[in-house]
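Here is what each chain is made of, one letter per residue.
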Amino acid sequence: MKITILNECNFTSEHIDRLKAIGNVNIFNDTKTEAQALKRIGDSEIVIADCFFTPLNKKVLSSSNKLKFIVLNSTGFDLVDLKAAYANGIKVASTPNFCTDSVAEHAIALMFAVNRKLLVADESFRNNPLHPDADPFSEESRRKYFGFDVRDKTMGILGLGNIGKRVSELAFGLGMNVVAYNRTQKREPKSVRFLSFDEVMKTSDVISLNMALSDDTRNIINS
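What this report covers is the structure whose coordinates are included nearby. Residue numbers run consecutively from 1 along every chain, following the written order of its sequence. Totals for whole chains, interfaces and linings use all residues, but because this is a predicted model, local features are given only for residues with pLDDT of at least 70 and pairs of side-chain atoms are given and counted only at 80 or more. Side-chain figures throughout are based on the complete set of non-hydrogen atoms in the structure, without hydrogens or water.

Some thoughts on the environment of Asn-97
And step 1. The helix and strand labels rest on DSSP assignments: H or I over at least four residues marks a helix, E over at least two residues marks a strand, and numbering proceeds from the N terminus. Relative to the elements of secondary structure, Asn-97 occurs in the loop between strand E5 (91-93) and helix H5 (100-115).
And step 2. The spatial distance from the C-alpha of Asn-97 to the C-alpha of Asn-162 is 7.4 Å, given a sequence separation of 65 residues.
And step 3. Think of a polar contact as two N or O atoms within 3.5 Å of one another; within protein, one of them needs to be a possible hydrogen donor and the other a possible acceptor, and neighboring residues in sequence only count if both atoms come from side chains. Looking at Asn-97, its side chain comes within polar contact range of the side chain of Asn-162, at 2.6 Å.

Remarks on the side chain of Asn-182
And step 1. On the secondary structure map, Asn-182 appears in the loop between strand E7 (177-181) and strand E8 (192-194).
And step 2. From its side chain, Asn-182 meets the backbone nitrogen of Leu-160 in a polar contact 2.7 Å long.
And step 3. Looking at Asn-182, its side chain comes within polar contact range of the main-chain oxygen of Thr-184, at 2.8 Å.
And step 4. In what follows, residue pairs with any heavy atoms lying within 4.5 Å of each other are defined as contacts. Apart from residues no more than four positions distant in its own chain, Asn-182 is found in contact with Gly-159, Leu-160, Gly-161 and Phe-194.

Section: the sheet that holds E5
And step 1. Note on pairing: two strands pair once DSSP finds at least 2 bridges between them. Read from one edge to the other, the open sheet built from 5 strands follows the order E2-E1-E3-E4-E5, with strand pairing classed as parallel. Among the strands making up the open sheet, the edge pair consists of strand E2 (24-27) and E5. Pairwise comparison of adjacent strand axes, ignoring direction, gives a mean angle of 15 degrees for this sheet.
And step 2. Here strand E1 (residues 2-5) pairs with strand E3 (residues 46-49) via 3 bridges, running parallel. Bridge pairing links Thr-4 to Val-47 in E3. The axes are straight lines fitted to the C-alpha atoms, using for helices just the contacting stretch, and the angles between their N-to-C directions are given from 0 to 180°.

In structure tokens, the structure reads:
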């Protein structure tokens, strides 16, 4: 069996040894173009790749009749042509749990950054370090940096998978009310109240979008 690693995947020597125990392993760290992918995949049966760098399009996925399995080093798989993969008998697997906490914490960090106007204040202070505003006592000037306390506000979560669930836990820990919409019924935390999509949009002070990107969810947030 031939196994090809196309991108840096943070494997340890132990991981590589385990792969070598089941096949011949070729390792690349910088596959970024279609031409590179075609050449390096060659007659591989298993490919491990980063779809944010390596194009996994119809041409690449149709180039070999030996390729049977693609493993992604990411949670998302929307950059892979799944129709082409299935048409060519290629199974695709992602890594669904490796960054749940990181992404959830980043969502909360972005909420605070937007609410507390951190980027606006940072830019003002960099442009004029000692005087972030020409008239700090005017109502307009002061309100430019206003946010709101998140305690008792409502966090609306669209998509209560692993990441959405973790966001809900962090929001609840901040004293927020949590409502959620999920396309399938979930038996999840008692602290979360399930509503319809429209109800979540109408009642939330903050929205966290945690749905996987697909044809069904693309542009779900629009005008």
